[in-house]
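Listed below, chain by chain, are the residues.
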Amino acid sequence: MTTAHASHSANKPDSSRDPKALYGGTSSRRITVRDIAAAKVRGEKWPMLTAYDAMTASVFDEAGIPVLLVGDSMGNCHLGYESTVPVTMDEIAILSAAVVRGTKRALIVADLPFGAYQEGPVQALRSATRLIKETGASAVKLEGGERSAEQIKLLVDAGIPVMAHIGLTPQSVNAFGGYPVQGRGEEAAAQLLRDAKAVQDAGAFSVVLELVPAELAAEVTRTLHIPTVGIGAGSECDAQVLVWTDMAGMTAGRVPRFVKQYAQLREVLGGAARAFAEDVVDGAYPAEEHAFH
């Protein structure tokens, strides 16, 4: 696909799509968890991206991305931390509110950061309630399968939609000793299936599968009646998510194997900065048309 065609396609919904489709549909109202459930029934695949500020979120919203995650991945790609572990509730709250303000249609999911729900269901409810009330987000995400089922159930019972996250859970990086693929081997695969069923039974409206063998992710997707969101989990998941800075080529250095880069924004932005600097040094900017008299 050429760049021009790709741009045209991204800005013009496909008239052959279902008008109820999450991506390419004609509805302009805010996407809800009921729409997510309906997409699973239709067999519709849908995209999700992370977002951390109003301007970027508005671009993705205008592009038709139906779900935006204000992920604790902001720690690595936005706040300069080495992992997601240091991210705080205050940071999540500030950036989630910005993303909500920058969007009109996308369902906004706010991450519960490390330390905001591990103590138990009551702490989880307190943290999730704060994010929903202060930011306007429509749902929260938390990591863990069976170990987080009680937290998920209490949140859902309280009226807070929950996206679960199993497989590689980045907040457990210190326990994992890195970011290894999860679910390899019979015992590990069985545990991941138990985790998936546990979060579904607890009431989660969807579940992220991160760094899971494609065959296992496909089995989970067939088994569950809630949508699966893959990241490094093969092509059979109901949805796919990427960290936007990885997807758009803003991330420096190597990116994970599962990442496909759809642009090279780091190169473009660096070129713009250098062109501006050279114009200033050479006296070409500001020119007469940029001046007031």
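Residues numbered from 1 in each chain as written. Predicted model: local features only at pLDDT ≥ 70, side-chain atom pairs only at ≥ 80, totals over all residues. Heavy atoms only, no water.

The next point concerns the confidence of the model for the protein. Any region with low pLDDT has predicted coordinates that should not be read closely. The predicted model of the protein has a mean per-residue pLDDT of 93, with 94% of residues at 70 or higher. Scored below 50 in pLDDT, residues 1–13 shows 5 contacts in the model against residues more than four places distant or in partner chains. (pLDDT = per-residue confidence, 0-100. Contact = heavy atoms within 4.5 Å.)

In strand S2 (residues 67–70), alternate side chains face the same way, and those of Val 67 and Leu 69 on one face and Leu 68 and Val 70 on the other are all buried. The sheet contact formed by strand S1 (residues 46–50) and S2 spans 3 bridges and is parallel. Residue pairing for S2: Met 48 is matched across the bridge by Val 67. A crossover connection joins S1 to the parallel S2 through helix H3 (residues 54–62); in handedness this β-α-β unit is right-handed. Bridging between S2 and strand S3 (residues 107–111) involves 4 bridges; their strand directions are parallel. Within S3, the residue paired with Leu 69 across the bridge is Val 109. (Buried < 20%, exposed > 50% of the residue type's maximum accessible area, 1.4 Å probe, protein only. Helix = DSSP H or I, 4+ residues; strand = E, 2+ residues; numbered from the N terminus. Pairing = 2+ DSSP bridges. Right-handed = clockwise from strand over helix to strand, strands pointing away.)

So, on to the packing of helix H7 (residues 149–157) against helix H9 (residues 186–202). Relative orientation of the contacting elements H7 and H9 amounts to 20°, with a least axis distance of 8 Å. For the element pair H7 / H9, the angle class is roughly parallel. The handedness of the crossing between H7 and H9 comes out as right-handed. Every residue of H9 that contacts H7 at Ala 149, Ile 152, Lys 153 and Val 156 is listed here: Ala 198, Val 199 and Ala 202. (Axes fitted to C-alpha atoms, helices over the stretch in contact; angles between N-to-C directions. Parallel < 35°, antiparallel > 145°, perpendicular 65-115°, else oblique. Left-handed = near helix turned anticlockwise from the far one by under 90°.)

The element strand S4 (residues 139–143) is extensively covered by neighbouring structure, given that 5 of its 5 residues are classed as buried. Burial along S4 is two-sided: Ala 139, Lys 141 and Glu 143 facing one way and Val 140 and Leu 142 facing the other are all buried. As for the winding sense of the linkage, the β-α-β connection from S3 through helix H6 (residues 121–135) to S4 is right-handed. Note that the unit made of S4, H7 and strand S5 (residues 162–167) has a crossover that is right-handed.

Looking now at unusual backbone geometry. Cis rather than trans, the peptide bond between Tyr 285 and Pro 286 has omega equal to 0°. Secondary-structure assignment places Pro 286 in the segment after helix H12 (265–282). Positive phi is not limited to glycine here, since Leu 211 has a value of about 50°. Along the chain, Leu 211 turns up in the loop between strand S6 (206–210) and helix H10 (214–223). Overall, Leu 211 belongs to the buried group, its relative accessible area being 14%.

With parallel pairing, the 8 strands of this closed barrel are ordered in space as S1-S2-S3-S4-S5-S6-S7-S8. Going from strand to strand, the sheet's axes swing by 25° on average, the running direction of each strand aside.

In this structure, Leu 68, Leu 112, Leu 155 and Leu 209 are the most contacted members of the largest nonpolar core, which totals 58 residues. Every residue in contact with Leu 209, bar those within four places of it in the chain, is listed here: Ile 166, Ala 217, Val 220, Thr 228, Val 229, Gly 230, Ile 231, Ala 233 and Cys 237. Formed by 18 residues, the second largest nonpolar core is a distinct cluster that contains Ile 31, Val 109, Val 229 and Val 241. (Core = buried A, V, L, I, M, F, W, Y, C linked by side-chain atoms within 4.5 Å.)

Buried within H10 are the following residues: Leu 216, Ala 217, Ala 218, Val 220 and Thr 221. In the core, the buried residues of H10 are packed alongside helix H2 (33–42), H9, S6 and strand S7 (228–231).

This part is about the side chain of Asp 72. Within the fold, Asp 72 resides in the loop between S2 and helix H4 (74–77). Dropping the residues within four chain positions of it, Asp 72 is found in contact with Thr 84, Val 87, Ile 92, Asp 111, Glu 143 and Gln 171.

Quick look at the pattern of salt bridges now. Should the charged atoms of two oppositely charged side chains come close, the side chains can pair. Going through the model one piece at a time under the given rule, you end up with 7 salt bridges. The salt bridge involving Asp 90 is made with Arg 130; its shortest N-O contact spans 2.6 Å. Of this pair, Asp 90 sits in helix H5 (residues 89–101) while Arg 130 sits in helix H6, and the two are 40 residues apart along the sequence. The class for Asp 90 is partly exposed, based on a relative accessible area of 44%. Residues Asp 111 and Lys 141 are paired through a salt bridge, measuring 2.9 Å at the closest nitrogen-oxygen approach. Taken together, the residues Asp 111 in strand S3 and Lys 141 in strand S4 connect sequence positions 30 residues apart. Residues Asp 111 and Lys 141 agree in their burial class; the two are buried. Each member of the salt-bridge network shares a partner with another, and the members are Asp 90, Arg 130 and Glu 134. (Salt bridge = Lys/Arg side-chain N within 4 Å of Asp/Glu carboxyl O.)

What follows is about the packing of H5 against H6. Contact geometry for H5 and H6: axes closest at 9 Å, N-to-C directions at 35°. Remark: the crossing between H5 and H6 carries right-handed chirality. Here Met 89, Asp 90, Ile 92, Ala 93, Ser 96, Ala 97 and Val 100 of H5 lie close against H6, whose contacting residues are Ser 127, Arg 130, Leu 131, Glu 134 and Thr 135. Residues of the contact of H5 with H6, tallied by class, amount to 6 nonpolar, 3 polar and 3 charged. (Nonpolar A, V, L, I, M, F, W, Y, C, P; charged D, E, K, R; others polar.)

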